[in-house]
Number of protein chains: 2
Amino acid sequence: MLNFEFLVPTKLIFGRDAQHQVGELVKKYRGTKVLLHYGGGSIKKSGLYDQVTNSLKKAGIAFVELSGVVPNPRLKLVYEGIDLCRKEGVDFILAVGGGSAIDSAKAIGVGVCTDTDIWDFYEKGLPVARTLPVATILTIPAAGSETSKSSVITNEEKNMKYGLDVEEIRPVFSIMNPELFFTLPLNQIANGVADMMSHIMERYFTNTLSTDLTDGLCEATLKTIIKNAPILIRDPKNYDAWAQIGHCGSMAHTDILGLGRAQEWSCHPMEHELSAIYDIAHGAGLAILTPAWMEYVYNENLPMFVQFAVNVMGVDGSFREPEAIAREGIRRLRDFFTGIGLPETLKDVGIGTDKLEYMARKSTGAEYGREKPLGAIKPLYWKDVLEVYKSAAFRD
Amino acid sequence: MLNFEFLVPTKLIFGRDAQHQVGELVKKYRGTKVLLHYGGGSIKKSGLYDQVTNSLKKAGIAFVELSGVVPNPRLKLVYEGIDLCRKEGVDFILAVGGGSAIDSAKAIGVGVCTDTDIWDFYEKGLPVARTLPVATILTIPAAGSETSKSSVITNEEKNMKYGLDVEEIRPVFSIMNPELFFTLPLNQIANGVADMMSHIMERYFTNTLSTDLTDGLCEATLKTIIKNAPILIRDPKNYDAWAQIGHCGSMAHTDILGLGRAQEWSCHPMEHELSAIYDIAHGAGLAILTPAWMEYVYNENLPMFVQFAVNVMGVDGSFREPEAIAREGIRRLRDFFTGIGLPETLKDVGIGTDKLEYMARKSTGAEYGREKPLGAIKPLYWKDVLEVYKSAAFRD
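Values in this document were obtained by computation on a predicted structure and should not be read as measured data. (Residues numbered from 1 in each chain as written. Chains lettered and ligands numbered in written order. Predicted model: local features only at pLDDT ≥ 70, side-chain atom pairs only at ≥ 80, totals over all residues.)

### Comments concerning the overall build of chain A
Line of reasoning, step 1. From N to C terminus, chain A includes 15 helices and eight strands.
Line of reasoning, step 2. For a compact globule of 396 residues, the expected C-alpha radius of gyration is about 21 Å, and chain A comes in at 20 Å, within 12% of that figure.
Line of reasoning, step 3. Burial analysis of chain A (396 residues in total) assigns 57% to the buried set. (Helix = DSSP H or I, 4+ residues; strand = E, 2+ residues; numbered from the N terminus. Rg over C-alpha atoms; globule rule 2.2 N^0.38 Å. Buried ≥ 20, exposed ≤ 12 C-beta atoms within 10 Å, placed from the backbone.)

### Structural notes on helix α9 (residues 239-252) of chain A
All names here are of chain A.
Line of reasoning, step 1. The terminal C-alpha atoms of α9 lie 20 Å apart, and with 14 residues this matches the ideal 20 Å at 1.5 Å per residue to within 8%.
Line of reasoning, step 2. Across the 14 residues of α9, twelve count as buried, placing the element largely inside the fold.
Line of reasoning, step 3. Every buried residue belonging to α9 is among Ala 241, Trp 242, Ala 243, Gln 244, Ile 245, Gly 246, His 247, Cys 248, Gly 249, Ser 250, Met 251 and Ala 252, and all of these are buried. (Expected span 1.5 Å × (residues − 1).)

### Structural notes on the relation of the copies chain B and chain A
Two chain copies, one operation linking them: a rotation about an axis together with a shift along it.
Line of reasoning, step 1. Relative to chain A, chain B is turned by 180° and slid 0.0 Å along the rotation axis, the superposed coordinates differing by an RMSD of 0.0 Å. Accordingly, the operation relating the two chain copies is best matched by a two-fold axis.
Line of reasoning, step 2. Of the residues that chain B buries at the interface, 100% are likewise interface residues in chain A, meaning the two copies contact each other through the same surface. (Least-squares fit on C-alpha atoms with pLDDT ≥ 70 in both. Contact = placed C-beta atoms within 7 Å.)

### Things to note about the domain arrangement of chain A
All names here are of chain A.
Line of reasoning, step 1. Assigned domains within chain A: domain 1 (11-180) and domain 2 (185-391).
Line of reasoning, step 2. For domain 1 versus domain 2, the distance between C-alpha centres works out to 26 Å.
Line of reasoning, step 3. Tallying the contact residues gives 19 residues for domain 1 and 23 residues for domain 2.
Line of reasoning, step 4. Looking at side-chain class alone, the side of domain 1 that touches domain 2 contains ten nonpolar, six polar and three charged residues. (Domains from an automatic or database assignment. Nonpolar A, V, L, I, M, F, W, Y, C, P; charged D, E, K, R; others polar.)

### A short note on the packing of helix α7 (residues 186-204) of chain B against helix α9 (residues 239-252) of chain B
Packed helices, taken two at a time, are described by the angle their axes make and the gap between the axes.
Residues and elements named next belong to chain B.
Line of reasoning, step 1. Direction vectors running N to C along α7 and α9 enclose 40°, while the axes themselves pass 8 Å from each other. It follows that α7 is oblique to α9 by the angle criterion. Judged by the twist between their axes, the crossing of α7 over α9 is left-handed. Touching Gly 192, Val 193, Met 196, His 199 and Ile 200 of α7 are Ile 245, Cys 248, Gly 249 and Ala 252, all from α9.
Line of reasoning, step 2. Considering only residue class, the contact of α7 with α9 consists of six nonpolar, three polar and no charged. (Axes fitted to C-alpha atoms, helices over the stretch in contact; angles between N-to-C directions. Parallel < 35°, antiparallel > 145°, perpendicular 65-115°, else oblique. Left-handed = near helix turned anticlockwise from the far one by under 90°.)

### Observations regarding the pairing of strand β6 (residues 150-155) of chain B
Residues and elements named next belong to chain B.
Line of reasoning, step 1. Most of β6 sits inside the fold, with five of its six residues counted as buried.
Line of reasoning, step 2. Bridge count for β6 against strand β7 (residues 160-165) is six bridges, and the pairing is antiparallel. If you follow Ser 151 over to β7, its bridge partner there is Leu 164.
Line of reasoning, step 3. What sits between β6 and β7 in their antiparallel hairpin is a turn of four residues, with Asn 159 showing a positive phi close to 55°. (Pairing = 2+ DSSP bridges.)

### Overview of the environment of B:Thr154
Residue and element names in this part refer to chain B.
Line of reasoning, step 1. Inspection of the secondary structure assignment puts Thr 154 in strand β6.
Line of reasoning, step 2. For the pair Thr 154 and Tyr 122, spaced 32 residues apart in sequence, the C-alpha separation works out to 9.5 Å.
Line of reasoning, step 3. Discounting chain neighbours no more than four positions away, the residues touching Thr 154 are Asn 72, Pro 73, Arg 74, Leu 75, Lys 161 and Ala 276.

### Observations regarding the interface of chain B and chain A
Note on interface size: it is often stated as the accessible area lost on association of the parts.
Line of reasoning, step 1. With 33 residues of chain B at the contact, the number on the chain A side is 33 residues.
Line of reasoning, step 2. Residue assignment for the side of chain B that touches chain A shows that the elements contributing at least two residues are β1 (4-14), α8 (212-234) and α9 of chain B.
Line of reasoning, step 3. Per-element tally for the side of chain B that touches chain A: the top contributor is α8(B), with eleven residues.
Line of reasoning, step 4. Across the side of chain B that touches chain A, the residue classes break down as 15 nonpolar, ten polar and eight charged.
Line of reasoning, step 5. Relative to β1(B), strand β1 (residues 4-14) of chain A runs antiparallel, the two sharing seven bridges. The residue bridging A:Phe6 from the neighbouring strand is B:Leu12, located in β1(B).

### With respect to the environment of A:Gly339
Line of reasoning, step 1. One can find A:Gly339 in helix α13 (residues 322-339).
Line of reasoning, step 2. Owing to 13 C-beta atoms within 10 Å, A:Gly339 belongs among the partly exposed residues under this scheme.

### A look at unusual backbone geometry
Residue and element names in this part refer to chain A.
Line of reasoning, step 1. With phi around 65°, Asp 17 is a residue other than glycine that occupies positive phi space.
Line of reasoning, step 2. Structurally, the position occupied by Asp 17 is in the loop between β1 and α1 (22-28).
Line of reasoning, step 3. Although it is not a glycine, Ser 210 sits at a positive phi angle of roughly 60°.
Line of reasoning, step 4. Tracing the chain through its elements places Ser 210 in the loop between α7 (186-204) and α8 (212-234).

### Some details on the packing of helix α11 (residues 282-297) of chain A against helix α15 (residues 382-391) of chain A
All names here are of chain A.
Line of reasoning, step 1. It is at 9 Å that the axes of α11 and α15 come closest, and there the two elements cross at 120°. With respect to α15, the element α11 is oriented oblique. In this structure, α11 crosses over α15, and the sense of that crossing is right-handed. Here Leu 289, Ala 292, Trp 293, Glu 295 and Tyr 296 of α11 come into contact with α15, specifically with Glu 387, Val 388 and Ser 391.
Line of reasoning, step 2. For the contact of α11 with α15, the per-class residue count stands at five nonpolar, one polar and two charged.

This is how it looks when you write it as structure tokens:
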């Protein structure tokens, strides 16, 4: 086990009708003028928009709006948000939506408080001194951004998708009412599941030893998702299953599952290259790449992959044939993903082989002459990433 | 799953040498004059006292001292601490020790900021408006007070032991270096293990359904303790095992394991009656009472106790004989406790049968004409508590 520091300052307010508290909560956190930040019309159609604005009005909180967040949220809208907040004297940002709206809100919050170009924080990893407080009402459990220290923004001009990871940008509070997830289409459910499972697996797979507790917490969270996700695919209005999936999604990205462990974090950056160029769903990309990555690296730490197969995927088998157990675990994970409707290959999402080398070189920085390998189980250089991409390209 | 709100504002700083950061941390949290609160001479003998005071001096933090905290910490010392803090203008309390030092520090912190008698907060459950910030350096993993919202104080004049449970009293930061646990005697290790396991079981046993995630998190934490505790009994200087036990102890009492569940909390108040009068170790009392409580209530929710037996205690057996599985789980828990040196009966700790009815009547408030049953799996009135006490009294 490694040394660690841990604090999640985000208050989670969970359950039925929780969204109606938002006005009072903003007031408690001393917001006086709010930027209401969201995507398209879905929150208007569902009635959530009216509930939120009524709650704000009732609490006497002024607000301005910026809608138009899209999946893989764009830098251009972040700039607009920063300008709007400055012009209107906004002191609090409320994201209503999924990870994209929240990530965009986090970027705006940091951008308002600095004279530096906000993109420099993402591309160059500059330290963040200050941000406007950001709160969230989650409508898509997936990215875990409602409790995380992460924000991922796409620079559409540069075809770049980068993450900012700093403690300062965790939301001050997040509201999660599983009923708000009832109207999600099946593909968004599945994409979200793949994303949150990846957040756990990026922490779970490690070469660090003596991590019994976090091993067990990761396994329990993964098993809860694997049990409940198929229920939602059959019955998307199942409150109890959504409560579990939503709770898992937030747990998955607080880092409580990754304390004291060297973490992997290779599938996420490999996927960001796909969605930066092809604008595919992040979860879909992860579902394609994760089993391919596993097949590429499992021999580097076979006991870790045997443990995953046995403790998470329920594989039985002869301990004297560990490779067979590990491979069966990977096979079952792939089957789980395809079973809830996720794609298996890059071809399935319309990605050909022509840009694989370019994306591989970008993923490690080799394209810019500053290569830094991804991952921890096995350091992945761009040639390794290319192998993973190739093996995920199509099935013979 | 039930609605919940969740936030743990305590920063956990975990690992080797972590205690040397304390001066800088206090400064960061704006402490200028510290009450250093601890027990007897053990932190002087171990060198920890010098490390802490040197770190404070180096950071330019003034401090005064109050030692003499004993297990089942006393109200009298709390009053002394309050007077001392007022006289010396203390603005920050640093507890160095186990749950007793931390609980005492929490009581002093609240007491300094109010004109009301501090005992009224414990006996009458008054709301807490303000407290001095409290931080901790943990030397005994057990009570979980380093991250919890709880403090338990014994009023030695009234023979009463009551807990205060309010969010306001969570520490601002807690330092945990597993190396500081190396010198603990075996009985303190075992008592601590029983206490943290009870914190989990008080949350785990529930009649609330659809709680897959927290079920799994509880089970993973219990299994980690059950695996690592016997290692420490054989090898009390095992860093890795202490790292797991220490981490589990803090997890156990943050409430992350109890979110969205109706919680039990009957063994703790039943035990408080024992240690209030007989001054036995809290963990020892819990190890005696918990299996006895289980035997008294398991038929109220047999599937819950079957799940515990199978998922935590590793019991195999015919699902058509669930009662046999449940009973075997309880038997294994009792064996686990006695296997690490904990007592099995009240007689083992020198408690006779003469005060059982008095303690039972006190535990539910019946003695004071305001009976409120304990527990959730089965509401326990004083006559039920008496049955549990009796069944734990001795073995035929």
